[in-house]
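# Overview (structure and organization)
The lines below spell out each chain.
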Amino acid sequence: MAVIEGVMMRNKDDYAVAVRKPNNEITVGKFKYKDFSKKVKLFKLPIFRGILAFIDSMVIGIKVINYSASFFEEEEQPKKAKKEQAKKNDSFITALLTALAVIVSLASSILIFMVLPVLIANLFAKMIKGTFLLYLLEGILRLLIFIGYILAASQMKEIKRVFMYHGAEHKVINCLENGFELTVENVKWQTKAHKRCGTSFMFLVMFISLVFFVIIRPQTLLWRILSRIMLVPAIAGVSYEFIRLAGRTENKLVNILSKPGLWLQALTTKEPDEDMIEVAIKSVEAVFDWRTFLEEAANEKEQSKPGKKSEKERKTGKTYGSSEYSVTRGKNVRGARKGTSVTSKDTAKKEYAAAAEITIASPKTAAYDDEDDDEILKALDKYLDFNDED
């Protein structure tokens, strides 16, 4: 997740925010994430886990944005004011303000993207015959309002920089997932597109809501508005499951449905400069040991060679399937060693230029269960952390 002059990365129960301060120094804050689904098992189930992820993303988002903004407020506040402010900022008040901010953000989002399209479409109710066309118009308006909102926000200088940090975030993740060492040079030429992006998630919320509301057709305006509000959690849950699936499969239909969200990322991700990439790398390093990750990938690659047995095979005497880390299923397999690759850098660049999205590198082995199979995704997921501990 991109914040004010920084990037947030999350790995399991930890998340870190790296921010470049006005004096050009990079500061990194590391925090613990409390997983509510560990207390309430219901939120480990499909759809319900998406509802929790949606709320979590808003809560954590507000926290990390406030954290990053604090470094720039420090430059403007006199010393006495800082001390007085520090006394006021106890944990209870902070928690209360965060809760209030989440409520206001959620309410305003529902009002703009769910209720407003209903009211605008209702103005054409007398001119349009048939509820199907009316609800289709409502869905199209919802998408247009969402895209218009992003376009308007992108015109602000501060938001443009946030979008550049967003691009740095994606590039760093893609660099790791493709088995390259995290250096500024390696990160620079990676793609900005990423299937598990929050932009794609929000686009899916808009698109899936169109499908929901074309099927569910309350006759009165009041019930139409109420249904839009009440179905937000369900729509968020379904959208989450699709994003999660998109990050794990190369199914042609799923890839086609993912493309609009990837295209929309062209508006929310911009090319970062080297300083921004450096910040993103620092954020990853605070929560994820990428060097060990690459070494283990290289070892798995080595052990998968014909005639060589893995440690698990030597102990059990059983033979398991290959555990190669592949970028494109059925195509080139990259060895993740110190940023090197079986495929050359130039060849890889051509592959990325030809592809509209990044394909996720995930281990595939017959010996692993579903939880092990998703270990890379669990380690690298950010913004919406796709937990597979269910």
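## Things to note about the sheet that holds strand E1 (residues 2-3)
Backbone hydrogen bonds hold the strands of a sheet together, and the pairing may be parallel or antiparallel. A sheet is described by the order of its strands in space; here four strands give the open sequence E1-E2-E3-E4, paired in antiparallel fashion. Lying at the two open borders of the sheet, with one neighbouring strand each, are E1 and strand E4 (26-32). In the sheet, E1 pairs with strand E2 (residues 6-11) via two bridges, with the strands oriented antiparallel. Looking at the pairing, Val3 lines up with Gly6 of E2. Relative to the sheet, helix H5 (residues 157-177) contacts E1, E2 and strand E3 (14-20), its axis offset from that of E2 by approximately 35°. Running over the sheet, helix H11 (residues 274-287) touches E2, E3 and E4 and is turned about 155° from E3.

## A short note on the pattern of salt bridges
Per the counting criterion, the structure on display carries 14 salt bridges. Notably, a salt bridge pairs Arg228 with Glu138, separated by 2.8 Å at the nearest N-O pair. With Arg228 in helix H8 (residues 221-230) and Glu138 in helix H4 (residues 131-153), this residue pair connects regions lying 90 residues apart in the sequence. Residue Arg228 shares its accessibility class with Glu138, and that shared class is buried. Its salt-bridge partner being Glu274, residue Lys188 comes within 3.0 Å of it at the nearest N-O pair. Here the residue Lys188 occupies a position in helix H6 (residues 184-188), and Glu274 occupies one in helix H11, the gap between them amounting to 86 residues. Here the salt bridges do not stand alone but share partners, grouping Glu138, Arg142, Arg224 and Arg228 into one network.

## Let's talk about the nonpolar core
Judged by nonpolar contacts, the single largest core of 34 residues is most densely connected at Phe54, Met114, Phe146, Phe201, Val205, Met206 and Ile235. At the level of secondary structure, the elements contributing two or more residues to this core comprise helix H1 (48-76), helix H3 (91-122), H4, helix H7 (198-215), helix H9 (232-246) and helix H10 (252-268). No other element matches H7, which puts nine residues into this core. What Met206 contacts, discounting residues up to four positions off in sequence, is Phe113, Arg142, Leu143 and Phe146. With 28 residues, the next largest nonpolar core counts Tyr165, Val172, Cys175 and Ile277 among its residues.

## Describing the environment of Asn186
One can find Asn186 in helix H6. Along the chain, Asn186 and Lys171 lie 15 residues apart, while their C-alpha atoms are 9.2 Å from each other. A polar contact is formed between the side chain of Asn186 and the backbone oxygen of Glu181, at a distance of 2.9 Å.

## Concerning the packing of H4 against H7
Where H4 meets H7, the closest approach of the two axes is 9 Å, and the angle between their N-to-C directions is 170°. The orientation of H4 with respect to H7, classified from their angle, is roughly antiparallel. Counting all contacts with H4, which are made through Phe132, Tyr135, Leu136, Glu138, Gly139, Ile140, Arg142, Leu143 and Phe146, the residues of H7 involved are Met202, Phe203, Met206, Phe207, Ser209, Leu210, Phe213 and Val214.

## Comments concerning the packing of H7 against H10
For the pair H7 and H10, the least separation of the axes is 8 Å and the interaxial angle reads 125°. Comparing their axes, H10 and H7 come out oblique. Where H7 crosses over H10, the handedness of that crossing is right-handed. Facing Thr199, Ser200 and Phe203 of H7, the residues of H10 in contact are Pro260, Gly261, Leu262, Leu264, Gln265 and Thr268. Residues of the contact of H7 with H10, tallied by class, amount to four nonpolar, five polar and no charged.

## What about H4?
Between the first and last C-alpha of H4 there are 33 Å, a value that for 23 residues agrees with the 33 Å anticipated at 1.5 Å per step. All of the buried residues along H4 are Leu134, Tyr135, Glu138, Gly139, Leu141, Arg142, Leu143, Phe146, Ile150 and Ala153.

## As for the pairing of E3
Most of E3 is tucked away: seven of the seven residues are buried. What you see with E3 is no split at all: Asp14, Ala16, Ala18 and Arg20 on one side and Tyr15, Val17 and Val19 on the other are buried throughout. Strand direction decides the pairing type here: E2 and E3, joined by six bridges, are antiparallel. Residue pairing in the sheet places Met9 in a bridge with Ala16 of E3.

## Regarding the pairing of E2
On a regular strand, each side chain points to the face opposite its neighbour's, so the side chains alternate between the two faces of the sheet. Summarising burial for E2: six of the six residues are buried, a large majority. Side chains Gly6, Met8 and Arg10 of E2 all project onto a buried face; the interleaved residues Val7, Met9 and Asn11 project onto the opposite face, where all are buried too. The hairpin formed by E1 and E2 contains two residues between the paired strands, and Glu5 there has a positive phi angle of roughly 55°. Between the antiparallel neighbours E2 and E3 lie two residues, among them Lys12 with a positive phi of about 55°.

Scoring rules and cut-offs
Residues numbered from 1 in each chain as written. Predicted model: local features only at pLDDT ≥ 70, side-chain atom pairs only at ≥ 80, totals over all residues. Heavy atoms only, no water. Pairing = 2+ DSSP bridges. Helix = DSSP H or I, 4+ residues; strand = E, 2+ residues; numbered from the N terminus. Contact = heavy atoms within 4.5 Å. Axes fitted to C-alpha atoms, helices over the stretch in contact; angles between N-to-C directions. Salt bridge = Lys/Arg side-chain N within 4 Å of Asp/Glu carboxyl O. Buried < 20%, exposed > 50% of the residue type's maximum accessible area, 1.4 Å probe, protein only. Core = buried A, V, L, I, M, F, W, Y, C linked by side-chain atoms within 4.5 Å. Polar contact = N/O pair within 3.5 Å; in protein donor to acceptor, adjacent residues only side chain to side chain. Parallel < 35°, antiparallel > 145°, perpendicular 65-115°, else oblique. Left-handed = near helix turned anticlockwise from the far one by under 90°. Nonpolar A, V, L, I, M, F, W, Y, C, P; charged D, E, K, R; others polar. Expected span 1.5 Å × (residues − 1).

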